[in-house]
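Now for the letters of each chain:
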Amino acid sequence: MSTFALPRRLLRIVATGMALAGLAATLIALPTPPVAAAPLLTASIDPAPFDPGLIISDYNFFNPDSLIETEIQDFLEERSCRPSDGVPCLWEYRETTTSQPAQGDGHCLPYSGAENETAARIIAKIAAACTISPEVLLVLLQKEQSLLTRPNASGYLRATGYGCPDTADCDAQYFGFFNQVYNAAWQFRQYTQEPDRAFQVGTVDVGFNPGAECGAAAVSIANQATANLYNYTPYQPNPAAVENAGDEGDGCSTYGNLNFWLFYSDWFGDSAREPFSVVFDDCLNFVDGQGCPPVSLLPTVPTAG
């Protein structure tokens, strides 16, 4: 049994109780419309300040129960989808998936492949197996390939940008929707289990662009989730990109991590929230993506006699 199973079930019960107690009032209002993989030119609301050191909380990044399969399906159907190349929209996409083995303690659990699985089911199953939020996977699909709104054949092959470095061609062995989503979730878990990487919690120089002439600036990376995003997309937006969020920056602007934040904030709310941090211990926030022993969630009951 997964060490995450009991905390996740209790999380739903606790969340309901906390909402009834009025703690939901502490949540921050949503910022702006999203930006696509390239800058979206229709943004009309200024975003809340972008913090390069805290793009998303560990809670929001590692919570696999943020959406269930039916909610993912509903979310996909609610997007304004205009496909090209004769491909389906993501809400109607299906694929036969392959089984994946367990990856070890604290890593992805087994994935049982099946015939003709919907995109929503694939996302939900991978999220549960790798303890990554399905919201994060949905945002990643849009940030990398605009797959929720403008799907095309190339986008399905390169769905999450896994194996597609900025300075070289994509590695075709990782092509395909299931392959891409699973490997992205696997990679996020790998970054978490082995965090001694180029980008880790602490103060790190992060470049603005693959071109060295565009420079870099120090970022105080606050948590593992944000470190994961930088290890996956190793650039921060420069001041021109942040100041013109939703529009064009300058020749040194990159948009990947800014777009991730904008999409998440528009679709799912405050990306940095830690809703249980005041009352409960860190395990309910999925800090570093690690589970907690179930006993930490239960009050101490004295033994009779």
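The rules behind each value
- Residues numbered from 1 in each chain as written.
- Predicted model: local features only at pLDDT ≥ 70, side-chain atom pairs only at ≥ 80, totals over all residues.
- Heavy atoms only, no water.
- Helix = DSSP H or I, 4+ residues; strand = E, 2+ residues; numbered from the N terminus.
- Buried < 20%, exposed > 50% of the residue type's maximum accessible area, 1.4 Å probe, protein only.
- Areas by Shrake-Rupley, 256 points an atom, 1.4 Å probe, with all protein chains shown as cover.
- Phe/Tyr/Trp six-rings, centres within 6.5 Å; stacked < 30°, edge-to-face > 60°.
- Axes fitted to C-alpha atoms, helices over the stretch in contact; angles between N-to-C directions.
- Parallel < 35°, antiparallel > 145°, perpendicular 65-115°, else oblique.
- Left-handed = near helix turned anticlockwise from the far one by under 90°.
- Contact = heavy atoms within 4.5 Å.
- pLDDT = per-residue confidence, 0-100.
- Core = buried A, V, L, I, M, F, W, Y, C linked by side-chain atoms within 4.5 Å.
- Salt bridge = Lys/Arg side-chain N within 4 Å of Asp/Glu carboxyl O.
- Polar contact = N/O pair within 3.5 Å; in protein donor to acceptor, adjacent residues only side chain to side chain.
- Disulfide = S-S within 2.5 Å.
- Expected span 1.5 Å × (residues − 1).

1. As for the overall build of the protein chain
Per the secondary structure count, the protein chain includes 10 helices and four strands. The buried share among the 305 residues of the protein chain stands at 48%. Accessible surface for the protein chain amounts to roughly 14,000 Å². Of this, 53% is attributable to carbon and sulfur atoms.

2. A word on the packing of aromatic side chains
Counted under the stated rule, the structure contains 17 aromatic pairs. Between Phe-75 and Trp-267, the aromatic rings sit 5.2 Å apart at their centres with planes inclined by 75°, giving edge-to-face as the arrangement. In this pair, Phe-75 is assigned in helix H3 (residues 69–78) and Trp-267 in helix H10 (residues 256–268), connecting sequence segments 192 residues apart. Each of the two residues, Phe-75 as well as Trp-267, counts as buried. Pairing Phe-263 with Trp-267 gives two aromatic rings, centres 5.1 Å apart and planes at 40°, and the pair type is tilted. Highlighted residues: Phe-263 and Trp-267, both in helix H10, separated by four residues, approximately one helical turn.

3. Notes on the packing of H3 against helix H4 (residues 119–130)
Two numbers describe how H3 lies on H4: the axes approach to 8 Å, and their chain directions differ by 135°. The orientation of H3 relative to H4 falls into the category oblique. Pair H3 / H4 crosses with right-handed handedness. Across from Glu-69, Ile-72, Gln-73 and Leu-76 in H3, the residues of H4 making contact are Ala-119, Ala-120, Arg-121, Ile-123 and Ala-124.

4. A look at the confidence of the model for the protein chain
Summing up the model confidence of the protein chain, the mean pLDDT is 83 and the portion of residues at 70 or higher is 75%. A low-confidence stretch, residues 1–47 (pLDDT under 50), is modelled with 89 contacts involving residues beyond four sequence positions or located in other chains.

5. Structural notes on the nonpolar core
Leu-90 and Phe-177 are the most contacted members of the largest nonpolar core, which has 67 residues in total. The contact partners of Phe-177, leaving out residues within four places of it in the chain, are Leu-90, Tyr-93, Glu-95, Ala-119, Ile-122, Ile-123, Leu-141, Leu-147, Tyr-156 and Ala-159.

6. Describing the pattern of salt bridges
Opposite charge on two side chains lets them pair, provided their charged atoms get close. One pass over the full model with this rule turns up five salt bridges. Between Glu-78 and Arg-79 there is a salt bridge, and its shortest N-O distance comes to 3.4 Å. Taking the shortest distance from any N to any O, the salt bridge between Lys-125 and Glu-117 comes out at 2.8 Å.

7. Some words on the side chain of Asn-228
With respect to the helices and strands, the residue Asn-228 is situated in helix H8 (residues 224–232). Those residues in contact with Asn-228 that sit more than four places away from it in its chain are Phe-61, Phe-62, Phe-188, Tyr-191 and Thr-192.

8. Focus on the side chain of Asn-231
Within the fold, Asn-231 resides in helix H8. Taking the relative accessible area as the measure of exposure, Asn-231 reaches 15% and is therefore buried. Side-chain polar atoms of Asn-231 contact the backbone oxygen of Phe-199, separated by 2.7 Å.

9. Quick notes on the state of the cysteines
What we call a disulfide is simply a covalent bond connecting the sulfur atoms of a pair of cysteines. For the structure on display, the rule yields four disulfides. What pairs with Cys-108 in a disulfide is Cys-130, and their sulfur atoms sit 2.1 Å apart. Judged by the sign of its S-S torsion, about 110°, the bond between Cys-108 and Cys-130 is right-handed. Note that Cys-108 is positioned in the loop between strand E1 (94–95) and strand E2 (117–118) and Cys-130 in helix H4, a separation of 22 residues in sequence. Taking relative accessible area as the criterion, Cys-108 reaches 1% and is therefore assigned buried. Cys-164 shares a disulfide with Cys-170; S-S distance 2.0 Å. Given an S-S torsion of about 120°, the disulfide between Cys-164 and Cys-170 has right-handed geometry.

10. Some details on H4
Since the α-helix advances by 3.6 residues per turn, residues separated by three or four positions end up pointing in the same direction. Between its first and last C-alpha, H4 extends 16 Å over 12 residues, near the 16 Å set by a 1.5 Å rise per residue. With nine of its 12 residues buried, H4 lies for the most part within the structure. Of all the positions in H4, only Ala-119, Ala-120, Ile-122, Ile-123, Ala-124, Ile-126, Ala-127, Ala-129 and Cys-130 are classed as buried. Immediately downstream of H4, the backbone of Thr-131 shows phi near 55°, a positive value.

11. Digging into unusual backbone geometry
Phi at Asn-116 is positive, roughly 55°, even though this residue is not glycine. Among the secondary structure elements, Asn-116 is positioned in the loop between E1 and E2. Phi is positive for Ser-146, close to 50°, though the residue is something other than glycine. Counting through the fold element by element, Ser-146 comes out in the loop between helix H5 (134–145) and helix H6 (153–157). You can call Ser-146 buried: its relative accessible area is 12%.

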